[in-house]
Amino acid sequence: MAEAHPVGFRWVMKAKERGARIINVDPRFSRTSEIADHHVHIRAGSDIAFLGGLIRYVIETESYFRDYVLHYTNASTIINEDFKDTEDLAGVFSGFDPETGMYDRSSWMYEGGEMASAAGVREHSSQAFEETTGAGMHGGHIHRDDTLEHPRCVFQILRRHFGRYTPEMVQEICGISAEDFSAVAQALVANSGRERTTAFCYAVGWTQHTAGVQMIRTASILQLLLGNIGRPGGGIMALRGHASIQGSTDIPSLYDLLPGYLHMPRAAEGEVDLETYIDTGGAERGWWSNFDKYIVSLLKAWFGDAATAENGYGFEALPRISGNHSHFATTMRMLDGGVEGFFVMGQNPAVGSQHAGLQRRALAKLKWLVVRDLAQVETATFWRDSPEVQSGELRPQDIQTEVFLMPAASHVEKAGCFTNTQRLVQFRDKALEPPGDARSELWFMHHLAKRVKAHYAGSERKRDWPIVNLRWDYPELGDLREPDVEAVLKEINGYEVATGRPVSGFAELAADGSTACGCWIYAGIFADGVNQARRRDPGDLRAPGGHVSLEWAWAWPANRRVLYNRASADPQGRPWSERKKYVWWDEEEARWTGYDVPDFPVDKRPDYRATDEAEGMDAINGDDPFIMMADGRGWLYSPSGLLDGPLPTHYEPIESPVRNLLYPDLGADPAGIRWRRPENPLHATGDPRYPLVATTFRLTEHHTAGGMSRTLPWLGELQPEMFAEIDPVLARARGIEDGGWMTIVTDRAEIEARALVTERMRPLKVDGRPVHQVALPWHWGYAGGYPGDSTNDLGALSGDPNVSIQESKAFTCDVRAGRRTRPSTERLKGVTSNTHVAPNEDDRGAEEPKEPAP
């Protein structure tokens, strides 16, 4: 965090000054480790085993926050008798199909009803789109055992599931000593409960794995057991790598989401009309019962007067997704000639994406490519200077891709909002005019849309209806005709259609077409016609609750700073302790109050009890704080929403030098995505050619793949060339000298780097033998003022089954002394696949049939 998120780390340092204890768990000793109270070396990719061991410790020592767990989680909920755990089935859950590598999740449900989350049908699925009828939470009676003794209650299932994650097993899998494990476990317990809370901060060290989503789920389970969710100083913070990555998921650049985390219509689920879509995405219980209000208001914002009740507000004109359209699946289709054109805006896949050699080969199959960036990045020049051109595999005269390089405005050359890691939206004005032809993304998309609309004007073809009727009337400012960004923000906020009055929050949105809103979770950001994101009043930091700073900018939803903050009070509505007082029930005023905006119906009493027939928010009890979940509870066990299991399970990375000690016949996640193609070779578990674990990291001095930093001499001078960190034992064994050249090798590529032989890396004892790790920064590419080989040439394409993210934090490799002797990706020269993937085919069509799990 100190290295890659130094601005956010300022607050960690302030907490440390006030006595907070900082623990850093990382394969390498980093800048964060330097100031941490305790650093724990871990084998990359083994985090679930470590966190699972902590869960076992908390349960077996009875250190969990019992009142919180019993009342605020689904620990007491009884699960379907058909459910079988990984401990019963040698590493897979009930419902696994070894032929498809996918699960039928019906046996994971609660007993007594179809008690799964409404989120189960909005899940960010990267696999084939199976039918999810009945997966939503649409009724039934939840069976519970408040003694937590029933063998099928979640608590007992959890206890059995993690029963073998002992300190000894954690040591064998992760390489973490019993002393380190004990120190972390005791620190977590000592700093959790009524009087204290603990926070987890993570970034792509957890996400970039085939089990990335489940790693984060494991931390969520641990935090729920300790009572650290929905309370001040608790929670899990996902550190985002750019200033507005959070904003780009809220109003998404993701292929399967609409703004505000509404799911994209899916062809496989027969979502042909608005009513079916709402039935699929909504819920009878909990906050998602408002789903219809949010989608109708979104459609009114997009199509204006053309969106009527008679035509389903234009819903039928929306495209349907038919499979995995994520970046890697699209790359594979591109490689097979199934994609003609590609927009690259603020990205650099030629060196910045996993298996960069395959990315470049795919780019060479396009007809046209638009690159918008601050400088001429490798993606714009791959056709003339890539390693594949250097090796003769690609010839510029044969590449038909026409590249359009569009100069982009930098962040100081445009106005707009940043949504940061804590959902805080801050508006910023333009400081400078962009030079020459450089323009903002807003300008580019606005004027491109105007040209497209002009081209289709007057068309009466049904397929052209959404373009013809798209409401696109943003005011233009200045000589450059820059769209008024605050007008866009007003549309995102939402308004009354009849009067144009901005809504004050999402509670005012309606499903009858009387309101329009570009993103329901941002409703209120322009309340009263005032740009709330411009506010900069920190408040009285010395006053009780002053540190919440509700007048500084605006946070979604509803300017709320801590989500699920009803959990900061006990079931009766009283603060768990005076020290951790945050939101509470005021009996005299008959309403919830506190230092933050309550994340709960403000007038719902703590002793309110829903009837069995209640629907919507009326079905949520007064002591059920997790209102986005249909049962109002935090989920220790997830009956739906995830594609690879209701509980996290330790699986090895797809490429690992060691066997799976918990499930020796299994290895990696059987539901993980593997593109099995000759151009994407994968290393077998324990392949003796590749005995080392490679992991990647960032440097403060550079930014992502270097497109914004390697062009600047003052940053290039600070970190001028590619290097690799290795431990002294490995260096001696391979004859590698500190500061000398070394080569890192996989089946995809070989790259050269300067060797940094350092005690910051150390061998770990795993499964009874030493395992060495190689740490690689990934900021370099073959072009620019400070060129270097790209770490991303080394990895293979693989994916987490839930979100398709690559496993770049743990793969296998080997190293040798000296420089490489040929272009980095020449080892795959001439390797092609006969498999053709149609443009809209699911990624699994590109795979060979999966072998059964054993």
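Residues numbered from 1 in each chain as written. Predicted model: local features only at pLDDT ≥ 70, side-chain atom pairs only at ≥ 80, totals over all residues. Heavy atoms only, no water.

A. Focus on the overall build of the protein chain. The helix and strand inventory of the protein chain stands at 22 helices and 30 strands. For the protein chain, whose C-alpha radius of gyration is 27 Å, the value lies close to the compact-globule estimate of 29 Å for 854 residues. With respect to the three principal axes, the spread of C-alpha positions in the protein chain is 75 × 70 × 55 Å. Looking at the protein chain as a whole, 58% of its 854 residues qualify as buried. Sequence separation of at least 24 residues holds for 72% of the intrachain contacts in the protein chain that already meet a minimum separation of 6. If you sum the accessible surface of the protein chain, you get close to 33600 Å²; carbon and sulfur atoms cover 51% of it. Across the protein chain, the 91 positively charged side chains and the 120 negatively charged ones have centroids separated by 4 Å. (Helix = DSSP H or I, 4+ residues; strand = E, 2+ residues; numbered from the N terminus. Rg over C-alpha atoms; globule rule 2.2 N^0.38 Å. Buried < 20%, exposed > 50% of the residue type's maximum accessible area, 1.4 Å probe, protein only. Contact = heavy atoms within 4.5 Å. Areas by Shrake-Rupley, 256 points an atom, 1.4 Å probe, with all protein chains shown as cover. Lys, Arg positive; Asp, Glu negative; His and termini not counted. Charge placed at Lys NZ, Arg CZ, Asp CG, Glu CD.)

B. Looking closely at the pairing of strand β25 (residues 750-757). Where strand β23 (residues 723-726) and β25 come together, four bridges link them in parallel fashion. Bridged to F723 within β25 is R754. Where strand β24 (residues 741-745) folds back onto β25 in an antiparallel hairpin, the turn is made up of four residues. (Pairing = 2+ DSSP bridges.)

C. Region of the structure containing the packing of helix α3 (residues 47-60) against helix α7 (residues 178-190). At a closest axis distance of 10 Å, the pairing of α3 and α7 adopts a crossing angle of 55°. Compared by their axis directions, α3 and α7 come out oblique. Here α3 runs over α7; the crossing is right-handed. Where α3 abuts α7, its residues F50, G53, L54, Y57 and V58 lie against F181, V184, A185, Q186, L188 and V189. Split into classes, the residues belonging to the contact of α3 with α7 amount to nine nonpolar, two polar and no charged. (Axes fitted to C-alpha atoms, helices over the stretch in contact; angles between N-to-C directions. Parallel < 35°, antiparallel > 145°, perpendicular 65-115°, else oblique. Left-handed = near helix turned anticlockwise from the far one by under 90°. Nonpolar A, V, L, I, M, F, W, Y, C, P; charged D, E, K, R; others polar.)

D. The pattern of salt bridges, seen in detail. Across all of its chains, the model carries 52 salt bridges by this definition. Here D623 makes a salt bridge to R609, at a shortest N to O gap of 3.0 Å. Of this pair, D623 sits in the loop between β20 (591-594) and β21 (673-674) while R609 is found in the loop between β20 and β21, placing the two residues 14 residues apart along the sequence. A relative accessible area of 9% places D623 in the buried class. With relative accessibility at 47%, the residue R609 sits in the partly exposed group. Close ionic contact of E750 with R827 constitutes a salt bridge, the shortest N to O distance being 3.2 Å. Taken together, the residues span a long stretch of sequence, with E750 in strand β25 and R827 in the segment after β30 (811-817) at a distance of 77 residues. With a relative accessible area of 3%, E750 lands in the buried category. Ionic contacts of the salt-bridge type, sharing partners, join the residues E750, R816, R822 and R827 into one network. (Salt bridge = Lys/Arg side-chain N within 4 Å of Asp/Glu carboxyl O.)

E. Representation of the nonpolar core. Ranked by size, the top nonpolar core spans 72 residues in total, and within it F50, L54, Y68, L158, L222, L225 and L636 carry the most contacts. Of all the secondary-structure elements, those providing two or more residues to this core are α3, α4 (66-72), α5 (154-161), α6 (167-174), α7, β5 (200-202) and α9 (212-226). Those residues in contact with Y68 that lie beyond four places of it in its chain are T73, L224, G227, I229, R231, A567, W576 and F626. Formed by 55 residues, the second largest nonpolar core is a distinct cluster that contains L318, V425, Y522 and Y595. (Core = buried A, V, L, I, M, F, W, Y, C linked by side-chain atoms within 4.5 Å.)

F. Molecular detail of the sheet that holds strand β11 (residues 402-407). The sheet built from three strands is open, its strands ordered β9-β10-β11 with parallel pairing. One side of each edge strand has no neighbouring strand; the edge strands of this open sheet are β9 (341-345) and β11. With strand direction ignored, the average angle separating the axes of adjacent strands in the sheet is 15°. Bridge count for β9 against strand β10 (residues 368-373) is five bridges, and the pairing is parallel. Residue pairing in the sheet places F342 in a bridge with L369 of β10.

G. Main features of the confidence of the model for the protein chain. In the predicted model, the protein chain carries a mean pLDDT of 92, and 94% of its residues have values of at least 70. Taken as a whole, residues 115-139 scores under 50 in pLDDT and shows 117 contacts with residues more than four places along the chain or in a different chain. Low confidence marks residues 835-854, where pLDDT is under 50. Its contacts with residues over four positions away, or in another chain, come to 61 contacts. (pLDDT = per-residue confidence, 0-100.)

H. Quick look at the pairing of strand β12 (residues 416-419). Pairing analysis gives four bridges linking β12 to strand β13 (residues 424-428), with the strands arranged antiparallel. In the sheet register, G416 faces β13, and the bridge partner there is R428. Linkage of β12 to β13, two consecutive antiparallel strands, is achieved through a turn of four residues, within which R423 is found at a positive phi near 70°.

I. Up close: the packing of aromatic side chains. Under the counting rule described, the total for this entry stands at 38 aromatic pairs. When the centroid spacing of 6.4 Å and the interplanar angle of 70° are considered together, the rings of F343 and F444 count as edge-to-face. Linking F343 in strand β9 with F444 in helix α18 (residues 441-456), this pair joins segments that are 101 residues apart in sequence. Classification of F343 by relative accessible area gives partly exposed; the value is 38%. For F444, a relative accessible area of 11% gives the class buried. Residues Y522 and W554 carry aromatic rings whose centres are separated by 6.4 Å and whose planes lie at 40° to one another, so their mutual orientation is tilted. Of the two residues, Y522 sits in the loop between β17 (515-516) and β18 (554-555) while W554 sits in strand β18, which places them 32 residues apart along the sequence. Taking the relative accessible area as the measure of exposure, Y522 reaches 4% and is therefore buried. Taken together, the aromatic side chains of Y277, W287, W288, F291, Y294, F315, F506 and W520 make up a single cluster linked through ring pairs. One cation-aromatic arrangement involves K581 over W584; the distance from NZ or CZ to the ring centre is 4.4 Å. (Phe/Tyr/Trp six-rings, centres within 6.5 Å; stacked < 30°, edge-to-face > 60°. Lys NZ or Arg CZ within 6 Å of the ring centre and 35° of its normal.)

J. Looking closely at the sheet that holds β18. The three strands are arranged β12-β13-β18 in an open sheet whose pairing can be described as antiparallel. Taken across any chain shown, the strands that pair with only one partner, and hence form the sheet edges, are β12 and β18.

K. Spatial organisation of unusual backbone geometry. A cis amide bond links W556 to the next residue, P557, at an omega of -5°. Along the chain, the position of P557 falls in the loop between β18 and β19 (583-586). Its identity as a non-glycine residue notwithstanding, A558 has a phi of 65°, on the positive side. Owing to a relative accessible area of 27%, A558 belongs among the partly exposed residues under this scheme.

L. Helix α16 (residues 378-385), seen in detail. By the criterion of burial, α16 is predominantly enclosed, with six of the eight residues buried. Taken together, the buried positions of α16 are occupied by E378, T379, A380, T381, F382 and D385. Tucked inside the fold, the buried residues of α16 contact β9, α14 (349-352), α15 (356-363), β10, α17 (387-391) and β11.

M. Structural view of the environment of P763. The residue P763 is located in the loop between β25 and β26 (764-766) in this model. Residues P763 and Q773 lie 10 residues apart in sequence; the distance between their C-alpha atoms is 6.9 Å.

N. Summary view of the environment of T743. Relative to the helices and strands, T743 resides in strand β24. By relative accessible area, T743 is classed as buried at 0%. Placed 75 residues apart in sequence, T743 and G818 show a C-alpha to C-alpha distance of 6.2 Å. Those residues in contact with T743, other than ones at most four positions away along the chain, are E750, I751, E752, D814, V815, R816, G818, R819 and R820. A distance of 2.8 Å separates a polar side-chain atom of T743 from the backbone oxygen of G818. Among the polar contacts listed, one links the side chain of T743 to the backbone nitrogen of R820, at a separation of 3.1 Å. (Polar contact = N/O pair within 3.5 Å; in protein donor to acceptor, adjacent residues only side chain to side chain.)

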